[in-house]
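If you want the building blocks of each chain, they are given just below.
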Amino acid sequence: MPSSVRIKLTQVADINLGFSNKVNPFEWFNWSVFDLVFDLGNASGLHIADILSISEQMNICIYDNSEAIQSSKIFWRNENANSIKNNAITFRVSFEEGEILSSLPTASSHENLYCFVNVFSELNDSDCLSILKNAKQAIGLFTATLAIIDFIRSESIINPHEAIKDKQLLLDKDTKQRTLTQWKTLVNKSDFTLSEVVELRSSNKVLVLKLI
């Protein structure tokens, strides 16, 4: 990754990324280093939409299955009609249909960010590795960044709320709530390395991945 394109923690105030019902400040990336964010498997792109208003050069591509994309287009069309704020940014939102387990959109520069929000915790290790394999192919010769925004379970559960959440997810054999050790084990089976873990003021954290 070029020296000019580095992840940098910064204080971003008054942004709701979808992790809370309230608008809270988050310690987050320096978004200005990215020119294009692929919002993968989340359809609406709401958790990234506000970021567009603080980074004028950044665009977002919402990538999901056909049904989800059609719903997202309707949502954004309504937002564009009803909100002056969104009217100023929706022209930077594009859509692409696809299945993340089959392929991912092709990177166009080193400054692309592949963003997965609460996606991996809904998938087993095999499916997660398939997505990471697709990501490697999509990135190609670029040094784009992956951001997995998800829950990291404590190595030993001591928080009752966390224990309940973990138990609910474990009821489905095809989902997995992972500890940091388990996340590292998963990533080590791929062609990526875990570069850093970014704390958010929520139950989620950001795992920053780069190609080895």
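Below is a summary of the structure that appears in this document. Chains are numbered independently. Their residues run from 1 in the order of the written sequence. Only residues with pLDDT of 70 or above have their local features reported here, since the model is predicted, and side-chain atom pairs are shown and tallied only from 80 upward, although totals for entire chains, interfaces and linings are computed over all residues. Hydrogens and waters are ignored; side-chain quantities use all the structure's heavy atoms.

Bringing the sheet that holds strand S8 (residues 192–199) into the picture now. Strand order in the open sheet formed by 7 strands is S5-S4-S3-S6-S7-S9-S8, and the pairing between neighbours is mixed. Of all strands in the sheet, those with a lone pairing partner are strand S5 (93–97) and S8, marking the two edges. Taking each pair of neighbouring strands and ignoring which way they run, the sheet shows an average axis angle of 25°. A pair of strands is labelled paired if DSSP reports no fewer than 2 bridges between them. Only runs of H or I of at least four residues qualify as helices and only runs of E of at least two qualify as strands under DSSP, and these elements are numbered from the N terminus. Two strands pair when backbone bridges link them, and strand S3 (residues 36–40) and strand S6 (residues 112–117) are joined in this way by 4 bridges, in the parallel orientation. For Val37, the partnering residue across the bridge sits in S6 and is Leu113. Sheet strands touched by helix H4 (residues 125–139): S6, strand S7 (145–151), S8 and strand S9 (204–211). Its angle to S8, the strand with the most contacts, is close to 105°. When checking whether two residues touch, look at their non-hydrogen atoms; a contact exists if any pair is within 4.5 Å. Working convention: axes come from line fits to C-alpha atoms, limited for helices to the stretch in contact. Angles between N-to-C directions cover 0 to 180 degrees. Each of S7, S8 and S9 touches helix H6 (residues 180–188); the most contacted strand, S8, lies at about 150° to it.

A few words on the pattern of salt bridges. By salt bridge we mean one thing: a side-chain nitrogen of Lys or Arg within 4 Å of a carboxyl oxygen of Asp or Glu. With the rule as written, the count across this model stands at 3 salt bridges. Measuring nitrogen to oxygen at the nearest pair gives 2.9 Å for the salt bridge that ties Asp125 to Arg178. Taken together, the positions of Asp125 in helix H4 and Arg178 in the loop between helix H5 (160–170) and H6 put the pair 53 residues apart, joining distant regions of the chain. On the basis of relative accessibility, which here comes to 23%, the residue Asp125 falls in the partly exposed class. Ionic pairing is found between Glu199 and Lys205, a salt bridge with its closest N-O pair at 3.8 Å. Exposed residues in this analysis have more than 50% of their type's maximum accessible area, buried residues have under 20%, and partly exposed residues fall in between, with area computed by a 1.4 Å probe over protein chains only.

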